[in-house]
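Fold and geometry: a report
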Amino acid sequence: MASSAAKQPPKNASKAPSGGAGGAAAGAAAMPLASPLMGGLNKKKKPFLGMPAPLGYVPGLGRGATGFTTRSDIGPARDANDPVDDRHAPPGKRTVGDQMKKSQDDDDEDLNDTNYDEFNGYAGSLFSSGPYEKDDEEADAIYAALDKRMDERRKERRELREKEEIEKYRMERPKIQQQFSDLKRKLSEVTEDEWLSIPEVGDARNKRQRNPRYEKLTPVPDSFFAKHLQTGENHTSVDPLQGQFGGLNTPFPGGLNTPYPGGMTPDAGELDMRKIGQARNTLMDMRLSQVSDSVSGQTVVDPKGYLTDLNSMIPTYGGDISDIKKARLLLKSVRETNPHHPPAWIASARLEEVTGKLQVARNLIMKGTEMCPKSEDVWLEAARLQPGDTAKAVVAQAVRHLPQSVRIYIRAAELETDIRAKKRVLRKALENVSKSVRLWKTAVELEEPEDARIMLSRAVECCPTSVELWLALARLETYENARRVLNKARENIPTDRHIWITAAKLEEANGNTQMVEKIIDRAITSLRANGVEINREQWIQDAEECDKAGSVVTCQSVIRAVIGIGIEEEDCKHTWMEDADSCVSHGALECARAIYAHALQVFPSKKSVWLRAAYFEKNNGTRESLEALLQRAVAHCPKAEVLWLMGAKSKWLAGDVPAARSILALAFQANPNSEEIWLAAVKLESENNEYERARRLLAKARSSAPTARVFMKSVRLEWVLGNIEAAHELCTEALKHYEDFPKLWMMRGQIEEQSESIDRAREAYNQGLKKCPHSMSLWLLLSRLEEKVGQLTRARAILEKARLKNPQSPELWLESVRLEYRAGLKNIANTLMAKALQECPNSGILWSEAVFLEARPQRKTKSVDALKKCEHDPHVLLAVAKLFWSERKITKAREWFLRTVKIEPDLGDAWGFFYKFELQHGTEEQQHEVKKRCENAEPRHGELWCAESKHILNWQKNIGEILVLVASKIKNSF
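Residues numbered from 1 in each chain as written. Predicted model: local features only at pLDDT ≥ 70, side-chain atom pairs only at ≥ 80, totals over all residues. Heavy atoms only, no water.

Convention followed: UniProt positions are given in the numbering used here, feature names are shortened, and annotations may be inferred rather than shown by experiment.
Per an unreviewed UniProt entry, the protein goes by the name Pre-mRNA-processing factor 6 and belongs to Danio rerio. We quote the UniProt Function (unreviewed entry) comment for the protein here in full: "Involved in pre-mRNA splicing as component of the U4/U6-U5 tri-snRNP complex, one of the building blocks of the spliceosome. Enhances dihydrotestosterone-induced transactivation activity of AR, as well as dexamethasone-induced transactivation activity of NR3C1, but does not affect estrogen-induced transactivation."

So, the overall build of the protein
The following threshold applies: Under the DSSP-based scheme used, a helix requires at least four consecutive residues in state H or I and a strand at least two consecutive residues in state E, with every element numbered from the N terminus. When a residue's accessible area, from a 1.4 Å probe over protein chains only, is under 20% of the maximum for its type it is buried; when over 50% it is exposed; and in between it is partly exposed. Whether two residues are in contact is decided by their heavy atoms: any pair within 4.5 Å suffices. Accessible surface is estimated by sampling points in the Shrake-Rupley manner with a 1.4 Å probe; for residues, cover comes only from the protein chains shown.
Scanning the protein for helices and strands turns up 53 helices and two strands. For the protein, buried positions account for 33% of its 974 residues. For the protein, restricting intrachain contacts to residue pairs at least 6 apart in sequence, the fraction spanning at least 24 positions comes to 49%. Carbon and sulfur atoms form 53% of the exposed surface of the protein, whose accessible area is close to 64000 Å².

Considering the environment of Cys555
Here Cys555 is to be found in helix α29 (residues 552-562). Residues Cys555 and Trp539, 16 residues apart in the sequence, show an inter-C-alpha distance of 9.7 Å. Beyond its immediate chain neighbours, meaning those up to four positions away, Cys555 contacts Ala543, Cys546, Asp547, Glu590 and Cys591.

Quick word on the pattern of salt bridges
This is how it is decided: Just to be clear on terms, a salt bridge is a Lys or Arg side-chain nitrogen sitting within 4 Å of an Asp or Glu carboxyl oxygen.
This structure, assessed with the given rule, holds 40 salt bridges. Here Glu753 ties to Lys788 by a salt bridge, and the two come within 3.7 Å at their closest N and O atoms. Taken as a pair, Glu753 in helix α40 (residues 742-754) and Lys788 in helix α42 (residues 776-788) lie far apart in primary sequence, 35 residues in all. The closest approach of N and O atoms between Asp759 and Arg762, which form a salt bridge, is 3.1 Å. With a gap of three residues between them, Asp759 and Arg762 both fall in helix α41 (residues 758-771), about one helical turn apart.

Quick notes on the packing of helix α46 (residues 844-853) against helix α47 (residues 856-869)
For the record, the criterion: Helix axes use the C-alpha atoms of the stretch in contact, all axes being lines fitted to C-alpha atoms, and the angles between their N-to-C directions lie in the range 0 to 180 degrees. Roughly parallel refers to an angle under 35 degrees, roughly antiparallel to one over 145, roughly perpendicular to one between 65 and 115, and oblique to any angle outside these ranges. Classes in brief: Ala, Val, Leu, Ile, Met, Phe, Trp, Tyr, Cys and Pro nonpolar; Asp, Glu, Lys and Arg charged; the others, Gly included, polar.
Close contact between α46 and α47 brings their axes to 8 Å; oriented N to C, the two are set at 170°. The angle between the axes of α46 and α47 places the two elements in the roughly antiparallel class. From α46, Trp847, Ala850, Val851 and Phe852 reach across to α47, where they touch Arg859, Lys862, Ser863, Asp865, Ala866 and Lys869. Grouping the constituent residues of the contact of α46 with α47 by class yields five nonpolar, one polar and four charged.

Concerning the packing of helix α27 (residues 514-529) against α29
For clarity, the threshold we go by: Crossing handedness: left-handed means the near helix sits turned counterclockwise from the far one by under a right angle, and right-handed means the same turn made clockwise.
The geometry of α27 relative to α29 is characterised by a closest axis approach of 9 Å and an angle of 40° between their N-to-C directions. Comparing the axis directions of α27 and α29 gives the class oblique. You can see that α27 and α29 cross each other, and the crossing is right-handed. Facing α27, whose interface residues are Val516, Glu517, Ile520, Asp521 and Ile524, α29 presents Val553, Thr554, Ser557, Val558, Arg560, Ala561 and Val562.

Details of a negative patch on the surface
Rules: Surface patches are defined over residues having more than 30% relative accessible area and no salt bridge, joining like charges when they lie within 9 Å and nonpolar side chains (Val, Leu, Ile, Met, Phe, Trp, Tyr) when within 5 Å. When charges are counted, neither His nor the chain ends are considered; positive counts come from Lys and Arg and negative counts from Asp and Glu. Charge positions come from single atoms, namely NZ of Lys, CZ of Arg, CG of Asp or CD of Glu.
Side chains of Glu156, Glu159, Glu162, Glu164, Glu165 and Glu167 sit close together on the surface and give a patch of like negative charge. Looking at where Glu167 falls in the secondary structure, it is placed in helix α6 (residues 134-172).

Points about the confidence of the model for the protein
For clarity, the threshold we go by: Confidence of the predictor in every single residue is expressed as pLDDT, which spans 0 to 100.
The predicted model of the protein averages 78 in pLDDT, with 79% of residues at 70 or higher. Note on residues 1-43: pLDDT is under 50 here. Beyond four places in sequence and across chains, it has six contacts. Scored below 50 in pLDDT, residues 293-299 makes six contacts in the model with residues more than four places away or belonging to other chains.

What about the nonpolar core?
Note the cut-off: Put simply, buried Ala, Val, Leu, Ile, Met, Phe, Trp, Tyr and Cys residues joined by side-chain atoms within 4.5 Å make one nonpolar core.
Among the nonpolar cores identified, the biggest contains 124 residues, and Leu439, Trp440, Trp539, Ile559, Val562, Trp576 and Leu643 are the most heavily contacted of them. Leaving out residues up to four positions away in the same chain, Val562 has contacts with Ile524, Ile534, Arg536, Trp539 and Ile540. Of all hydrophobic cores here, the second largest spans 33 residues; its members include Cys731, Met747, Cys772 and Ile952.

Some details on α29
Of the residues making up α29, those classed as buried are Thr554, Cys555, Ser557, Val558, Ile559 and Val562. Close packing links the buried residues of α29 with α26 (497-509), α27, α28 (536-549) and α31 (589-602).

Thoughts on the side chain of Thr575
Following the sequence through the fold, Thr575 ends up in helix α30 (residues 572-585). Its relative accessible area of 18% is what places Thr575 among the buried residues. With sequence-adjacent residues up to four places away left out, Thr575 is seen in contact with Arg536 and Ile567.

Here we look at the packing of aromatic side chains
Put simply, the test is: Pairing of aromatic rings covers Phe, Tyr and the six-membered ring of Trp, with a centre-to-centre limit of 6.5 Å; geometry is then stacked below 30 degrees between planes, edge-to-face above 60, and tilted otherwise. Any Lys NZ or Arg CZ that is within 6 Å of a ring centre and within 35 degrees of that ring's normal is treated as a charge sitting over the ring.
Overall, the coordinates contain nine aromatic pairs when judged by the stated rule. Between Trp885 and Phe897, the aromatic rings sit 6.1 Å apart at their centres with planes inclined by 75°, giving edge-to-face as the arrangement. Residue Trp885 is found in helix α48 (residues 874-886), and its partner Phe897 is found in helix α49 (residues 890-903); the two are separated by twelve residues along the sequence. Among the residues examined, Phe897 registers a relative accessible area of 0% and is labelled buried. Summarising the aromatic geometry, the rings of Phe897 and Phe917 are spaced 5.3 Å apart at their centres and angled 40° between planes, so their arrangement reads as tilted. Taken as a pair, Phe897 in helix α49 and Phe917 in helix α50 (residues 908-921) lie far apart in primary sequence, 20 residues in all. Clustering of aromatic rings is evident, with ring pairs tying together Trp885, Phe897, Phe914 and Phe917. We note Arg803 situated over the ring of Trp813; from NZ or CZ to the ring centre the distance is 4.3 Å. When the ring centre of Trp896 is taken as origin, the NZ or CZ atom of Arg899, which lies over that ring, is 4.2 Å away.

A word on unusual backbone geometry
Positive phi outside glycine occurs at Glu756, with the angle close to 65°. Look at Gln808: it is not a glycine, yet its phi comes out positive at around 55°. Since its relative accessible area comes to 57%, Gln808 is described here as exposed.

Overview of the side chain of Lys651
For Lys651, the location among the structural elements is in helix α34 (residues 641-653). For Lys651, the contacting residues outside a window of four places in its chain are Glu627, Asp656, Ala659, Ala660 and Ile663.

Observations concerning helix α44 (residues 810-822)
Stated formally: Each helix should span, by expectation, one fewer than its residue count multiplied by 1.5 Å.
Counted at 1.5 Å a residue, the expected span for α44 with its 13 residues is 18 Å, and the 18 Å between its end C-alpha atoms agrees. Across the 13 residues that make up α44, a large majority, ten, are buried. Along α44, the positions that sit buried rather than exposed are Pro810, Leu812, Trp813, Leu814, Glu815, Ser816, Val817, Arg818, Leu819 and Glu820. In the core, the buried residues of α44 are packed alongside α42, α43 (792-805), α45 (826-839), α46 and α52 (943-949). One or two steps after α44, the chain reaches Gly824, where phi turns positive at roughly 85°.

Brief notes about a positive patch on the surface
Taken together, the side chains of Arg149, Arg153, Arg154, Arg157 and Arg161 present a region of like positive charge at the surface. You can see Arg154 is positioned in helix α6.

Examining the environment of Leu944
Its place among the elements puts Leu944 in helix α52. For the pair Leu944 and Asp909, spaced 35 residues apart in the sequence, the C-alpha separation amounts to 5.8 Å. With near-sequence residues (within four places) excluded, Leu944 lies in contact with Asp909, Phe913, Val966 and Ile970.

Re the environment of Arg894
Turning to its location among the elements, Arg894 is positioned in helix α49. For the pair Arg894 and Phe917, spaced 23 residues apart in sequence, the C-alpha to C-alpha distance is 8.2 Å. Apart from the residues lying within four places of it in its own chain, the contact partners of Arg894 are Phe914, Phe917, Glu918, His921, Gly922 and Gln926.

Thoughts on the state of the cysteines
Stated precisely, the cut-off is as follows: Note on terminology: pairs of cysteine sulfur atoms within 2.5 Å are recorded as disulfides.
Enumeration over the complete set of coordinates arrives at zero disulfides. Take Cys555: it sits in no disulfide, and the sulfur closest to it among the cysteines is that of Cys591, at 3.2 Å.

The structure is reproduced here in structure tokens:
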């Protein structure tokens, strides 16, 4: 026992802490005495020991202890985007976040009031979110068994009662099927004849009811009644006298001897509508005069403006009335919330004004002036809404509240109709606000020049920083005084460039041009010293304004001073050319001339700059200025052939042939053996009928500088002069040296064709094609030769062979299509055109021809397709212009012609069609304008144009004459 007692206390000691501190002390004191008792207690074992804990049991929960959960209890943490363990989970449940969201949605209970019923409570279970345990399952099974048992007890009675109620309802409200069941049974007795004799169901209404027509009321003019009243009355019954006396035998013998003398017949029915209108106007005037004199002579109604005032009373606002009410309510709320907010009063007044309630608007804005007496906008709005004299009173009241307001003074001056009153108001304003530039400008505009000068001298004292006032004063002063004024202005405003430019213009206007350059240079230096950045674009704009004002020297000085500021050296040429083009587009020609002059000083050896300057002088300058520029150009660029040729052409066009010869002689010295200069000399002599000189020049050129073009020009000269044998010999000699030059073969074939040697012409073309198989013109000439002699099959074969050797050639395809069309085979032509457009989908000449191959209704659609493929092709634009012309849409056709010649001025056919169009539908001025523009453009290409310009009979005709020839050959067959 002693040993067991000694071992027992530690076991009790281990349980002591659960009883608290006091229990531990007591247990320690009673340990020796309690050992026999504890041994006896251990013999009785607790019934719950060794058994599993009940479901939902939490240890220590009854005495307030709470459990805690560790990560080992719930597993590792997982991200919402992690996949779940189930690899075959349905969509929407494949991530941890989806399942958590689903469980939260399931746990949410719908406790809304709409889901609550007084008798049944909530539609769902209030405790559906709690755990469903075994005792819940047992309870649900018991309740289900009870419900089933109660249902079986009353089932027979309930079903019997429901059946009786349904039969009773059917008796009271039978179906339509049941109502006609007896009649349906009788249908079995109806024979086939009786069935067929049943009439069809139709519309029993009459025609007027089936097709109602709205009654139309047409007002009849007064002239209709007057005309028919003058013809006599219409009778609806026969006069008994007619039956008595028969026909036209009236009881009054003598025809016109009626009992009523003259024209005063009471039944004649005459009615003078003009007199009725006059009477109506008189009556209206009488009523207006009565109203106007009704109150002791005072005019209540304006007789002249009566109807106008009535029109003005009609509300002009066409919006929704509810919107107006809402806006009015909102603005009222704003006014009441913050009565010292000026925009609220202004908006309210304008709302009433728009809706036609002008007096309400005036009352509101006057209330606004009381609440916001320091608001300039409110006073101005009040003055605008009030009539004349009332507005003056309002403005006077505004001035008392705001004596420094410039806008109110300006408004007061505007309300005055007399000039003296305006001046008085403005002078009074200047006494109070002497620093206002706007007031000074308005006051000066009303004065005469002398008084304005005096006022401006005072104005610049009060506003010394206003550039406009200083410049205005300088304009009114004499030369010496203006210089002093501008010097003072520069002292007061050292950072403004306009003062310096005005000073330069002043010196130029008074003939002191040598000072202009100095003033501009000093301006640049002074402004930089005062920290002003020199803006190149602004200075160029000022120079353009000087140019337009006629101050040429000032304009050029400004350009020279600022043209190089802020530009890198390598960008100078490109930038200056762009500046010159910009000035030309703005109409500032002197600015552009100054830019070119400066560029030529910096780049004296640049051929491109000289050319740009020369073209500028040619288009915008005089002949003298062009020739002077070209003389300087050839001195700096003697190797530039085009400059020599431009100078010679200018002299030739002016009629100075010897000077042109001398220029070309100098060009020969600078460029010996230059082909261009040789040919220019030949053209000069041949155009002036110096054929022997031209021959000698060409012979010398063939010996010293033999080229294919020189030989070609030699052959052409002999050909056009009629020396066919000499031309043939020269052509043969040229082909020995230049057999790969297709134009020589073409000329040989055409010479033979002109001599009606068809076989020799064919041989020439064939030999040329062997040497030059890629020359389209040779193929076309050979094909047309065969077509001319009636060999259509051979012509087709030639074109097919050409297309094989030169694929994707629009010219060859076009000739093939035209060959079939001329032969009358339109279907084959259309088929070929479709193939051609597939092979050359972006060819303008094919699309332009395809438009007019279509029938008229389909041409517009085809033209749209052509524009989509070749938007900027001149042939397509010309086809569209011709299409509008054929439809007699003159304005649109003219617009498209202008667009065509603008995009491609070198296309002679476009000019020919345009001129023909103006001959038919334009004025003489328009025809002359087209002809002049064509001569300036100098076109050289185009099928019709080349056919006329290169014809040997037209070799001496100028561009204007060729234009007339081309227009005469055009037929309106499209």
